[in-house]
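Inside the fold
In case you want the letters, here they are:
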Amino acid sequence: MRSPVVVALVALAALSACGSESSDGGTASGDGPTSAVKTSLTIDVTPGEGADPKTYTLTCDPAGGDHPQPEQACDAIAAAGASVFEPVSSDTTCTMVFGGPQKATITGTYQGKDVDASFSRENGCEIDRWEKLGTTVFDVPLQ
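One structure accompanies this document, and this report is about it. Quick caveat: nothing in here was measured; it's all calculated off a predicted structure.

Moving on, we come to the packing of aromatic side chains. For the structure on display, the rule yields 3 aromatic pairs. The interplanar angle of 55 degrees and the centroid separation of 5.4 Å between the aromatic rings of Phe85 and Tyr110 together place this pair among those described as tilted. Placement of Phe85 in the loop between helix H2 (70-80) and strand S3 (100-110) and of Tyr110 in strand S3 is noted, with a sequence separation of 25 residues between them. For Tyr110, a relative accessible area of 9% puts it in the buried group. The structure contains a cluster of three or more aromatic residues connected by ring pairs, namely Phe119, Trp130 and Phe138. In this arrangement the basic side chain of Arg129 is found over the ring face of Phe119, its NZ or CZ atom lying 4.2 Å from the centre.

Right, dumping it as structure tokens:
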């Protein structure tokens, strides 16, 4: 039979763990600060030859920043997946089709991981990467 002191110590230890910090910076009980934004991106876009570059900030979960369509941009990035930020492999054969002079970079963090990606429309592979994010992310209508 367990002594009442041991039972009380086990109960006290269990209660003290309820308010402990979790790994995401919040508390296990749900009180206190919420977790940090895990997606925070800066999108720099040059929409055309000789055009002035545009810069947007975008956060997801919750969607925000000064991007004109943050919810739709976050949805487009989530649909494309993290692999869209990876450059085209140098041993990939790409069609030599010029899709336009548009260029963009996206830097920051996506789902807590560092991002530093460049986009263009200089060949078929790059056009594919651009189109995975759609015109919403870059806020550039294409002709």
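So, on to the nonpolar core. Judged by nonpolar contacts, the single largest core of 24 residues is most densely connected at Phe85, Ile106, Phe119, Leu133, Val137 and Phe138. Those elements that provide at least two residues to this core are strand S1 (39-46), strand S2 (54-60), H2, S3, strand S4 (113-121) and helix H3 (124-138). Per-element accounting of this core gives the leading share, 5 residues, to H2. Aside from chain neighbours lying at most four places away, what touches Ile106 is Leu41, Thr42, Ile43, Phe85, Val115, Asp116, Ala117, Phe119, Leu133, Val137 and Phe138.

With that settled, the discussion passes to H3. Every α-helical turn comprises 3.6 residues, leaving residues that sit three or four positions apart pointing alike. Here H3 spans only 18 Å end to end across 15 residues, well under the 21 Å set by a 1.5 Å rise per residue. The largest bend in H3 comes to about 55 degrees, at Lys132. Considered for burial, the residues of H3 that qualify are Gly124, Cys125, Glu126, Ile127, Arg129, Trp130, Leu133, Val137 and Phe138. Where the residues of H3 are buried, they touch S1, S2, H2, S3 and S4. If you check the start of H3, you find a side-chain oxygen 3.0 Å away from the backbone N of Cys125, and it comes from Asn123. Looking one or two residues beyond H3, the residue adopting positive phi is Asp139, at roughly 55 degrees.

One pass over the full model with this rule turns up 4 salt bridges. A salt bridge links Lys54 to Asp139, with the shortest nitrogen-to-oxygen separation between them at 3.9 Å. On the criterion of sequence distance, the pair formed by Lys54 in strand S2 and Asp139 in the segment after H3 is long-range, its members being 85 residues apart. In this structure, Lys132 engages Asp128 in a salt bridge whose closest nitrogen and oxygen atoms are separated by 3.6 Å. In this pair, Lys132 and Asp128 are both assigned in helix H3, 4 residues apart and thus about one turn of the helix distant. On the accessibility criterion, Lys132 (45% relative accessible area) is partly exposed.

Calculation criteria
- Residues numbered from 1 in each chain as written.
- Predicted model: local features only at pLDDT ≥ 70, side-chain atom pairs only at ≥ 80, totals over all residues.
- Heavy atoms only, no water.
- Phe/Tyr/Trp six-rings, centres within 6.5 Å; stacked < 30°, edge-to-face > 60°.
- Helix = DSSP H or I, 4+ residues; strand = E, 2+ residues; numbered from the N terminus.
- Buried < 20%, exposed > 50% of the residue type's maximum accessible area, 1.4 Å probe, protein only.
- Lys NZ or Arg CZ within 6 Å of the ring centre and 35° of its normal.
- Core = buried A, V, L, I, M, F, W, Y, C linked by side-chain atoms within 4.5 Å.
- Contact = heavy atoms within 4.5 Å.
- Expected span 1.5 Å × (residues − 1).
- Bend = angle between axes of the 7 residues up to and from the residue.
- Polar contact = N/O pair within 3.5 Å; in protein donor to acceptor, adjacent residues only side chain to side chain.
- Salt bridge = Lys/Arg side-chain N within 4 Å of Asp/Glu carboxyl O.

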